Amino acid sequence: MPEPGTTAVVIALPDAAPLLEAAWRIDPALVRREVPAHVSLLYPFVPESALTDQDEQDVRSLAASFPAADLRLEEVVTASGFVAVTVPGLQPIVDAFRGQWPWLRPYRGRFGARPAAHVTVAMGADDPTAAAHVRAAIGSLLPLDTRAAAVQLVGLTEEGWQPRFTVPLGVPDGP
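Each chain carries its own residue numbering, running from 1 in the direction its sequence is written. pLDDT decides what is reported in this predicted model: residues at 70 or higher carry local features, side-chain atom pairs at 80 or more are listed and counted, and totals for whole chains, interfaces and linings draw on all residues regardless. With hydrogens and water stripped out, all remaining heavy atoms of the structure feed into the side-chain values.

Please clarify how the overall build of the protein chain should be interpreted in this entry.
Summing up its helical and strand segments, the protein chain has 4 helices and 9 strands in all. Starting at the N terminus and ending at the C terminus, the protein chain contains elements arranged as β-α-β-α-β-β-β-α-β-α-β-β-β. Values of the radius of gyration come from C-alpha atoms, whereas the globule rule sets the reference at 2.2 Å times the count of residues to the power 0.38. On C-alpha atoms alone, the protein chain measures out to a radius of gyration of 16 Å, which is about the 16 Å that the 2.2 N^0.38 rule sets for 175 residues. Viewed in the frame of its principal axes, the protein chain has a C-alpha envelope of about 50 × 35 × 30 Å. A total of 175 residues make up the protein chain; the buried ones form 46% of that total. We call two residues contacting when some pair of their heavy atoms lies within 4.5 Å. Once local pairs closer than 6 in sequence are excluded, the contacts in the protein chain between residues at least 24 apart make up 78%. A helix here means a DSSP run of H or I that spans at least four residues, while a strand means a run of E at least two residues long, and both kinds are numbered starting from the N terminus. Partly exposed residues are those whose accessible area sits between 20% and 50% of the maximum for their type, while under 20% is buried and over 50% is exposed, using a 1.4 Å probe and protein chains only.

What follows is the structure, encoded as structure tokens:
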């Protein structure tokens, strides 16, 4: 479980919320309701206590270097109690963020060195029957079209995940 002071760089995908809602209807314990549908570009990111102005500027610059993108979510994947939908259209931006901070291990190495860009739908679906029900429920909602428009730097506080800033994709920061 992440601790306060943990940060992440994400792209929110509000159009994917029905996927999380479908999993929640099967078993509310599988879905983190306080975390909206998103793709993590880099989690965990630089801890809050070590985050520099340069890190924040680099997040802004990288976001500006990628255009907003229309995406189609089509494929459900499962692994060790985890159910997700891949987002291959965001893999180049995920790779760029990981390349900028190569010493940070995505998901602390839980999914290997280069996990695919994805929206996490359910975690803790260790019961194969529950995972199968979630997979079927979200599969019935696919394909799903959405748009990636902005990058957020978020931090975990005592009150939950809070945005530090949001920067539009493809829009240079500043004059």
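It is not clear to me how the side chain of H38 should be interpreted in this structure. Could you clarify?
Among the structural elements, H38 can be located in strand β2 (residues 38-42). One polar contact links the side chain of H38 to the main-chain carbonyl oxygen of P36, over a distance of 2.7 Å. At 3.4 Å, the side chain of H38 forms a polar contact with the side chain of S40. Leaving out residues up to four positions away in the same chain, H38 has contacts with V10, I11, A12, L13, R32, H118, V119 and T120. Identification of polar contacts relies on pairs of N or O atoms within 3.5 Å, with a donor-acceptor requirement for protein atoms, meaning one able to donate a hydrogen and the other able to accept it, and with residues adjacent in sequence counted only if both atoms are side-chain atoms.

Help me understand the pattern of salt bridges, please; the structure alone is not making it clear to me.
Think of a salt bridge as a Lys or Arg side-chain nitrogen and an Asp or Glu carboxyl oxygen that are within 4 Å of each other. The final tally for this structure, using the stated rule, is 5 salt bridges. For D70, the salt bridge is made with R147, and the minimal N-O distance between the two is 2.9 Å. One end of the pair, D70, is in strand β3 (residues 69-73); the other, R147, is in strand β7 (residues 144-148), and 77 residues separate them in sequence. Judged by its relative accessible area of 62%, D70 is exposed. The partly exposed category is assigned to R147, whose relative accessible area is 40%. Between D95 and R114 there is a salt bridge, with the nearest N and O atoms lying 2.4 Å from each other. Here D95 is found in helix α3 (residues 91-100), whereas its partner R114 is found in the loop between α3 and β6 (118-123), with 19 residues between them in sequence.

How should the pairing of strand β9 (residues 160-168) be read in this particular structure?
The two faces of a sheet get side chains in turn, since along a regular strand they alternate between them. DSSP bridges decide pairing: two strands pair if at least two such bridges lie between them. Bridge count for strand β8 (residues 150-157) against β9 is 8 bridges, and the pairing is antiparallel. Within the sheet, the bridge partner assigned to Q152 lies in β9 and is T166. Hairpin connection between β8 and β9: a loop of 2 residues separates the two successive antiparallel strands.

Even after reading the chapter, I still don't get the environment of T6, so can you show me in this structure?
Tracing the sequence through the fold places T6 in the segment before β1 (7-12). A residue is classified by how much of its surface remains accessible, and T6, at 10% relative accessible area, is buried. Between the C-alpha atom of T6 and that of E48, which follows or precedes it by 42 residues, the distance is 6.1 Å. Excluding residues within four positions of it along the chain, T6 makes contact with Y43, P44, V154, G155, L156 and W161. Within the structure, T6 has its side chain in polar contact with the backbone oxygen of E3 (distance 2.7 Å).

What should I look at first to understand helix α4 (residues 128-139) in this one?
In an α-helix there are 3.6 residues to a turn, and that puts residues three or four apart on one side. Helices are assigned an expected span. That span is 1.5 Å times one less than the residue count. With 12 residues, α4 should cover 16 Å at 1.5 Å per step; its first-to-last C-alpha distance of 16 Å lies within 8% of that length. Those residues of α4 not exposed but buried are A130, A131, V134 and I138. Projected down its long axis, α4 carries its buried residues within an arc of 100 degrees, all on one side. Exposed side of α4, more than 90 degrees from the buried face: P128 and A136 are the residues found there. Near the N-terminus of α4, the side chain that reaches the backbone nitrogen of T129, with its oxygen 3.0 Å away, is that of D127. Picture the helix axis, draw a direction to every C-beta atom, and the arc is the one those directions span.

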